[in-house]
Amino acid sequence: MTLTDTTLGELRELAGRYPQSRSALLPMLHLIQSAEGNVTNEGIEVCAEILGISAAEVSGVATFYTMYKRRPMGEHHVGVCTNTLCAVMGGDLIFERLKGHLDVGNDETTEDGKVTLEHIECNAACDFAPVMMVNWEFFDNQTPESAVELVDKLRAGETVQATRGATITSWREAERVLAGFEDGLVDEGPAAAGPSLAGLEIAADRGWKAPTVDEAHDKQSSSGDDATADTKAGAAEQADTSRAESETTIEESPADTAKEGDDD
C-alpha cells in the first residue's frame, strides 16, 4: 500500500511539532499503523527520510515497543492482562477462554479479520482486576463469560462502550489518536471511578488535605532541614535511608580492589 499525500503531510506535520524532529518518531509510527494497519517497510523508510535518520534506527524502535505491530492487525485489538494480580483474579482463565472461542493464539487475528487477541502486561488498573482493553480502552472486572460476550459484540459490529472511556471505534482510529490527532471522544465516559477514588473519598470525609507549597516549606525550615546537602554523606543524613547510608559507607571504605596497572 502506498501512503497517501494526506498521510505524508500529517507525518511531516508531526515532525514539525518538536524542537528535535526525531522526537516525533513514536507518534509517526502510530500514524503509520493507523493508515496501513501495521508498521510497514514503506512506513519505516518514509519516517526515516522525513526525520533524516536511518531506516535501521526506525526499525529498532518499531521492534522494541510491543504497541507497534509488524503484521497486519484486525479491526479490533483485544488485550487481556495476564500480569500477576489480573492473572490470579481470572485473567489467565479469560485469555484461555478467548483463545478457544476465537480459535486463535496469542497475537493472532481471527479469520474474519475482526479481532486480534494478545495477552499484555500490566494495564495499571489492578483495582479493577481482571481487566481487558479493546483498542486501549478499559473493560473492568471481567469474567470469561463477559469477555466472550464482548468479543462477539465487536465481531457483530454492535456499539460497545468502554467501562472507563469512549465508545469503541477501531484499532486504526485509536492509533490515530495516539499519533496526536483528536477524535472528539476525549470527554466521553468516566476517567476514574470506584476503587480508584477510595483514597480521595476517605480524605474528604476526614478533612485531610495535602499541605500547600508554602506550608511544606515552612515546616521544612522550622525543622532545620531546608539546607541542600553538598556531599553524599550529607544527603544520606537528610534522606535517612539505609540505601543512601550504605552507598556512602561503601564509597568511603578502603576496598581491597586492584588499581590500574597492578598485576596482583
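Look up a bit, the structure's there.
Presented here is an overview of the structure given in this document. (Residues numbered from 1 in each chain as written. Predicted model: local features only at pLDDT ≥ 70, side-chain atom pairs only at ≥ 80, totals over all residues. Heavy atoms only, no water.)

1. Brief notes about the sheet that holds strand S2 (residues 108-109)
Definition in use: Any two strands are treated as partners once DSSP identifies two or more bridges connecting them. Strands here mean DSSP runs of E at least two residues long; helices mean DSSP runs of H or I at least four residues long; both are numbered from the N terminus. It only takes one pair of heavy atoms within 4.5 Å for two residues to be counted as in contact. Between N-to-C directions, angles cover 0 to 180 degrees, with each direction set by a line fitted to C-alpha atoms, over the stretch in contact for helices.
Here we have 5 strands laid out as an open sheet, ordered S2-S3-S1-S4-S5, and mixed in their pairing. Whereas interior strands pair on both sides, the edge strands pair on one side only; in this sheet they are S2 and strand S5 (137-139). Where strand S4 (residues 132-134) and S5 come together, 3 bridges link them in antiparallel fashion. Pairing of Met132 across the sheet is with Phe139, part of S5. Across the sheet, helix H6 (residues 144-156) is in contact with strand S1 (76-81), strand S3 (115-120), S4 and S5; its angle to S4 comes to roughly 5°.

2. What about the layout of surface pockets?
Inclusion rule: For cavity detection a 1 Å grid was placed over the protein atoms alone, and a set of points counts as a cavity when a 1.4 Å probe fits there but cannot get out; an open set counts as a pocket when protein lies on both sides within 12 Å along at least five of seven lines, with lining residues being those that have an atom within 4 Å of a point. Grid points are joined across faces, edges and corners, and a volume is the space filled by probe spheres set on the points. Throughout, the ten residues Ala, Val, Leu, Ile, Met, Phe, Trp, Tyr, Cys and Pro are labelled nonpolar, Asp, Glu, Lys and Arg are labelled charged, and all others, Gly among them, are labelled polar.
Put simply, the largest pocket is a space of about 610 Å³. Lining the largest pocket are 33 residues, with Met133, Asn135, Trp136, Glu137 and Leu178 sitting closest to its centre. Only S3 and helix H7 (171-179) provide two or more residues apiece to the lining of the largest pocket. In terms of residue count, H7 provides more of the lining of the largest pocket than any other element does, 4 residues in total. Counted by class, the lining of the largest pocket contains 14 nonpolar, 9 polar and 10 charged residues.

3. Remarks on the pairing of S1
The condition that has to hold: Burial here depends on accessible area, computed with a 1.4 Å probe over protein chains only, as a share of the maximum for the residue type. Under 20% is buried, over 50% is exposed, and the range in between is partly exposed.
With 6 of 6 residues buried, S1 is to be regarded as a mostly interior element. Here S1 shows a buried face lined by His76, Val78 and Val80 and a second buried face lined by His77, Gly79 and Cys81. Here S1 runs beside S3; their pairing, made up of 6 bridges, is parallel. Paired with Gly79 across the two strands is Glu118, which belongs to S3. Looking at chain direction, S1 and S4 are connected through 3 bridges and run antiparallel. The partner of Gly79 across the bridge, within S4, is Met133.

4. Some words on the side chain of Lys69
Selection rule: Definition of a polar contact: a pair of N or O atoms within 3.5 Å, with one able to donate and the other able to accept a hydrogen when the atoms are protein atoms, and with sequence-neighbouring residues admitted only if both atoms are side-chain atoms.
Looking at the secondary structure, you find Lys69 in the loop between helix H4 (55-64) and S1. Of the polar contacts made by the side chain of Lys69, one reaches the backbone oxygen of Thr66; its length is 2.8 Å. If we ignore the near neighbours within four places in the chain, the residues touching Lys69 are Gln33, Asn38, Val39, Asp107, Glu118 and Trp171.

5. Here's the deal with the nonpolar core
For clarity, the cut-off: Buried Ala, Val, Leu, Ile, Met, Phe, Trp, Tyr and Cys residues that are joined via side-chain atoms within 4.5 Å together make up what is termed a nonpolar core.
Formed by 23 residues in total, the largest nonpolar core has its most connected members in Leu11, Leu25, Met28, Leu29, Cys47 and Val58. Counting only elements with at least two residues in this core, the list comes to helix H1 (5-15), helix H2 (25-36), helix H3 (41-51) and H4. Formed by 20 residues, the second largest nonpolar core is a distinct cluster that contains Val80, Leu98, Val115 and Met132.

6. Regarding unusual backbone geometry
A cis amide bond links Ala129 to the next residue, Pro130, at an omega of -5°. If you trace the backbone, Pro130 turns up in the loop between S3 and S4. Backbone geometry places Asp103, a non-glycine residue, at a positive phi of 60°. Looking at where Asp103 falls in the secondary structure, it is placed in the loop between helix H5 (84-102) and S2. Of the residues examined, Asp103 reaches a relative accessible area of 66% and is grouped as exposed.

7. Observations concerning the packing of aromatic side chains
Put simply, the test is: Stacked, edge-to-face and tilted labels apply to pairs of Phe, Tyr and Trp rings (six-membered ring for Trp) whose centres lie within 6.5 Å, assigned for plane angles under 30 degrees, over 60, and everything in between, in that order. Two conditions define a charge located above a ring, namely a distance within 6 Å from the ring centre to NZ of Lys or CZ of Arg, and an angle within 35 degrees of the ring normal.
Evaluated as defined, the whole model comprises 2 aromatic pairs. An aromatic cluster is defined as three or more aromatic residues linked by ring pairs; in this entry it consists of Phe64, Tyr65 and Tyr68. The ring of Phe138 is capped by Arg164, whose NZ or CZ atom sits 4.3 Å from the centre of that ring. It is Arg176 that lies over the ring of Phe181; its NZ or CZ is 4.5 Å from the centre.

Geometric values such as these leave the question of function open.
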